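Here is how the chains run, residue by residue.
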Amino acid sequence: MEDKYKIPKRILTSLLSAMSAGVVPRVGAPYIAIGRTAEISALCRDLDTVADGGSVTRFIIGHYGSGKSFLIQLMRGYSVEHGFVCADADLSPERRLSSSGGGGLATYRELIKDLSIRSCPDGGALQTLIEKWLSDVRNDVISSGVSPDEPGFAGELERRIYDVMHSIETGVGAFDFAKVIVTYYRAYLDMNDERMSSCLRWLRGEFTTRTEARAVLGVTSIINDDNWYDYIKLLARFVRVIGYGGLIVFIDECVNLFKIPNRVSRENNYEKILSIFNDTLQGKAEGLCVIFAGTPQFLEDKHRGLFSYEALRSRLNDTMFTQNGGEYRETQPMFGPVMRLKRLSNDELLALIARVTVLFGQCYGKVDVEPEQMKAFLDYMLSRVGADVKITPRELIRSYLTALGIIMTDKTKTLTDVCGIVAPTQSDEPDDGEFDAESIRI
């Protein structure tokens, strides 16, 4: 078992440090992936749809610590490894989907900053993506029998690049987008770093006025709060044309939209979600998958959540067959846009504890914990008042890593001794008012 989960020390340390702090690890997520088979299968089918030129919108709904962000990072790593371009961002009071104060543009910039491909899995892949494509085009021209020394080489290279850019010159901003890419190509040939940097600045949404963009690049538009989503659709089309499976966009912490106090501002954000939802489901955004993650409040609250916006409520509301006697059915279909995360079973939680034990031993040295003690620890955690329905993987892992740390520090202690130190208490997970026993799997 230890050899099977042997992972590099750098990744292992980062993984355990993140889990002990209750933070979702950005690397190493597959090493602690337990359960979620149905959810992962459904998301993989979405990737197949995108690879075929389709588009998808998903809403991953779960309580704090239930595994929304973990599932996002797991799928982000999987998507990058399978030839997709990924971008992810966490919403915040400064980053929104729609805003008159730069909130939408801030979200776009965050997405572009974290743009990832297989050769740049940790973000910052925009320049690499473009230059890799230019290099591939050059190699294709050479493979076709045209030597770099021949007079017609540069013309053939430019013709192929223009063919690609002409294929995406439809929609809002497409002409300027194509022009910037071609300008980058010419600066790339001339080794003009300043002009290349200006092109990247425009693609990252860093030009603040049209006048400046026209003077530097000769384009008449810039990326701003109003049109940033149009450029996400253009980017999705572009990455497909140059050989990637599509663009997968992950937007986490959507509960921050629920927290917007101004009703008009909040509904403007929900209007943007509706626009994304309609575009992807109606086939208007080729090769694009957008995955939102938020709490049940963000979705279901009838005063401030998505359900307060009638156009979204009618599309996302549960049907009469989703529930049985007021309770969600044990088996939920995964074909709809809303994916509700359920509680991991006790066996899956126990397997998670065993996995963490192995990884902890590899990183800090083996600890003497028997399988019976792991089960006793889980029983102890579930015995607390309300814990059988409210415990989350985040709380379980943090508590278990703390116990392992105590055992490692004091060799005279066993896991049983540590469990006996603290009397059972009420779970300290935040309660957002609508807790469901079936909604807290990882």
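Here, every reference points to the structure presented above.
Residues numbered from 1 in each chain as written. Predicted model: local features only at pLDDT ≥ 70, side-chain atom pairs only at ≥ 80, totals over all residues. Heavy atoms only, no water.

J.: Tell me about the overall build of the chain, residues and numbers included.
T.: Along its length, the chain carries 19 helices and seven strands. The 442 residues of the chain split such that 53% are buried. Relative to all contacts within the chain whose residues are 6 or more apart in sequence, the contacts with residues 24 or more apart total 72%. (Helix = DSSP H or I, 4+ residues; strand = E, 2+ residues; numbered from the N terminus. Buried < 20%, exposed > 50% of the residue type's maximum accessible area, 1.4 Å probe, protein only. Contact = heavy atoms within 4.5 Å.)

J.: Describe empty space enclosed by the protein, with residues and values.
T.: Summary: where empty space remains is shown by rolling a probe the size of a single water molecule over the atoms. All told, the structure shown has two cavities of 30 Å³ or more when counted by the stated rule. Estimated volume of the largest cavity: approximately 70 Å³. Lining the largest cavity are Y108, I112, L126, L129, I130, F177, I181, L203, Y231, I232, L235 and F238. Within the residue set of the lining of the largest cavity, elements represented by two or more residues are α4 (103-113), α5 (126-143), α7 (174-190) and α10 (228-241). Per-element tally for the lining of the largest cavity: the top contributor is α10, with four residues. Approximately 40 Å³ is the volume found for the second largest cavity. L111, W228, Y229, I232, V249, I251, I276 and V290 together form the lining of the second largest cavity. Ranked by residue count, the leading element in the lining of the second largest cavity is α10, at three residues. (1 Å grid on protein atoms, 1.4 Å probe; cavity = no way out; pocket = protein on both sides within 12 Å on 5 of 7 lines; lining within 4 Å. Points joined across faces, edges and corners; volume = space filled by probe spheres on them.)

J.: Run through the pairing of strand β1 (residues 55-61), naming residues and quoting values.
T.: Remark: a regular strand shows side chains that alternate across the two faces of the sheet. For β1, a buried count of seven out of seven residues is recorded, marking the element as mostly surrounded by other parts of the structure. Bridge count between β1 and strand β4 (residues 288-294): seven bridges; the pairing is parallel. For R58, the partnering residue across the bridge sits in β4 and is I291. Looking at chain direction, β1 and strand β7 (residues 338-340) are connected through three bridges and run parallel. Considered in β7, the bridge of I61 is made with R340. (Pairing = 2+ DSSP bridges.)

J.: Report on the packing of aromatic side chains, specifying residues and quantitative values.
T.: Geometrically, a pair of aromatic rings is defined through the distance of the ring centres and the angle of the planes. Scanning all chains against the criterion turns up eight aromatic pairs. Ring centres of W133 and F238 lie 5.5 Å apart, and the angle between their planes is 85 degrees; this geometry places the pair in the edge-to-face category. With a gap of 105 residues between them, W133 in helix α5 and F238 in helix α10 connect regions that are remote in the sequence. According to the relative accessible area criterion, W133 is buried, its value standing at 4%. Ring centres of F360 and Y364 lie 5.0 Å apart, and the angle between their planes is 50 degrees; on these two criteria the pair is classed as tilted. Of this pair, F360 and Y364 both sit in helix α15 (residues 346-364), separated by four residues, roughly a single helical turn. Through a chain of ring-to-ring contacts, three or more aromatic side chains come together here, namely F59, F277 and F292. Just above the ring of F207 sits the side chain of R201; from NZ or CZ to the centre is 4.2 Å. (Phe/Tyr/Trp six-rings, centres within 6.5 Å; stacked < 30°, edge-to-face > 60°. Lys NZ or Arg CZ within 6 Å of the ring centre and 35° of its normal.)

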